[in-house]
Amino acid sequence: QVQLVESGGGLVQAGDSLRLSCAASGRAFSSYAMGWFRQEPGKEREFVSTISRFGYNTYYADSVKGRFTISRDNAKNTVYLRMNSLKPEDTAVYYCAAHLSSGLGPLLPKGYEYWGQGTQVTVSS
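Residues numbered from 1 in each chain as written. Predicted model: local features only at pLDDT ≥ 70, side-chain atom pairs only at ≥ 80, totals over all residues. Heavy atoms only, no water.

A. Main features of the overall build of the chain. Within the chain, the regular secondary structure consists of zero helices and 11 strands. If you list the helices and strands of the chain from N to C, you get β-β-β-β-β-β-β-β-β-β-β. Computed over its C-alpha atoms, the radius of gyration of the chain comes to 13 Å, within 12% of the 14 Å expected for a compact globule of 125 residues. Dimensions along the principal axes, computed over C-alpha positions, put the chain at roughly 40 × 25 × 25 Å. Counting only residues that meet the buried cut, the chain has 42% of its 125 residues in that class. By sequence separation, contacts in the chain at least 24 residues apart represent 59% of the contacts at least 6 residues apart. Accessible area for the chain stands at about 6300 Å²; split by element, carbon and sulfur atoms hold 48% of it. (Helix = DSSP H or I, 4+ residues; strand = E, 2+ residues; numbered from the N terminus. Rg over C-alpha atoms; globule rule 2.2 N^0.38 Å. Buried < 20%, exposed > 50% of the residue type's maximum accessible area, 1.4 Å probe, protein only. Contact = heavy atoms within 4.5 Å. Areas by Shrake-Rupley, 256 points an atom, 1.4 Å probe, with all protein chains shown as cover.)

Set out below in structure tokens:
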């Protein structure tokens, strides 16, 4: 069982930066690939990024590539999402998720076993 708690969301202006954190409790955090997703009201949950269990491999959605950076600190049981050059279209609830895997996490939400409650990111123009 893994419990995930996101933090770091907020209201920012276009061009600003934010760092989201996702703290995990439970066993064997380093056994899990981690992913970040986002969801706007009335829309499907969208893949943002994933990182392998030791952080050697990462993958990003085209919409955030070059602006967002995913990282993890297994000693702190935490995964991060650094978001730079934020745009209004980045506005969404951001979720972290865990998938038991030695590789990257899947790109579809249904592939993840555990989810956090989400944190709101709002980018004003």
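B. Summary view of the pairing of strand E3 (residues 18-26). Both strand E1 (residues 2-7) and E3 contribute to a ladder of six bridges, which runs antiparallel. Residue Leu 4 lies in a different strand from E3, and its bridge partner there is Ala 24. Sheet topology note: the E3/strand E8 (residues 78-83) ladder contains six bridges and is antiparallel. The partner of Arg 19 across the bridge, within E8, is Arg 82. (Pairing = 2+ DSSP bridges.)

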